[in-house]
Amino acid sequence: MNVVLHKGGNGLLGGRIRNISGNGIYIELTPEQRMKPGDTVRLAFKTHFGLHIVPSRVVRVDDSGSAMAFTRRDERLTAALARMSREEPGSTLA
């Protein structure tokens, strides 16, 4: 699943979701798109329930991307993550 990140004055970045859970997300990013722990972004991605725009904070960075914690999530996102978890046995969704 693809995701768009809006990082303040740096504009939009694009990445691919590798893992997602009820608390956060890991996104594959190119080296040019690297962020640092503590950076804040707004994530935009689509699920069965439509478009989600989720404020998040970078908590870990490695060679292939960034792990981000959701700083605010609504009921619609919570329901979408639960549904995705049920539909994909063995998924990383919690």
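A brief report on the enclosed structure follows. (Residues numbered from 1 in each chain as written. Predicted model: local features only at pLDDT ≥ 70, side-chain atom pairs only at ≥ 80, totals over all residues. Heavy atoms only, no water.)

### So, the environment of Lys-7
Alright, step 1. Among the secondary structure elements, Lys-7 is positioned in the loop between β1 (2-6) and β2 (12-20).
Alright, step 2. Residue classification places Lys-7 among the buried positions, given a relative accessible area of 17%.
Alright, step 3. The sequence separation of Lys-7 and Val-41 amounts to 34 residues, and the corresponding C-alpha distance is 4.7 Å.
Alright, step 4. Discounting residues that sit within four places of it in the chain, Lys-7 has contacts with Met-35, Asp-39, Thr-40 and Val-41. (Helix = DSSP H or I, 4+ residues; strand = E, 2+ residues; numbered from the N terminus. Buried < 20%, exposed > 50% of the residue type's maximum accessible area, 1.4 Å probe, protein only. Contact = heavy atoms within 4.5 Å.)

### So, the nonpolar core
When a protein is soluble and globular, its nonpolar side chains tend to lie buried together.
Alright, step 1. Core analysis: the biggest nonpolar cluster contains 18 residues, and Leu-5, Ile-25, Leu-43, Phe-45 and Met-68 have the highest contact counts within it.
Alright, step 2. Put simply, the parts of the chain that give this core at least two residues each are β1, β2, β3 (24-28), β4 (40-47), β5 (50-62), β6 (65-70) and α1 (75-87). (Core = buried A, V, L, I, M, F, W, Y, C linked by side-chain atoms within 4.5 Å.)

### Details of the sheet that holds β3
Alright, step 1. The antiparallel closed barrel is built from six strands, whose spatial order is β1-β2-β3-β6-β5-β4. Direction aside, neighbouring strands of the sheet carry axes that sit 45° apart on average.
Alright, step 2. Where β2 lies against β3, four bridges are found, and the strand directions are antiparallel. Of the residues in β3, the one forming a bridge with Ile-17 is Ile-27. (Pairing = 2+ DSSP bridges. Axes fitted to C-alpha atoms, helices over the stretch in contact; angles between N-to-C directions.)

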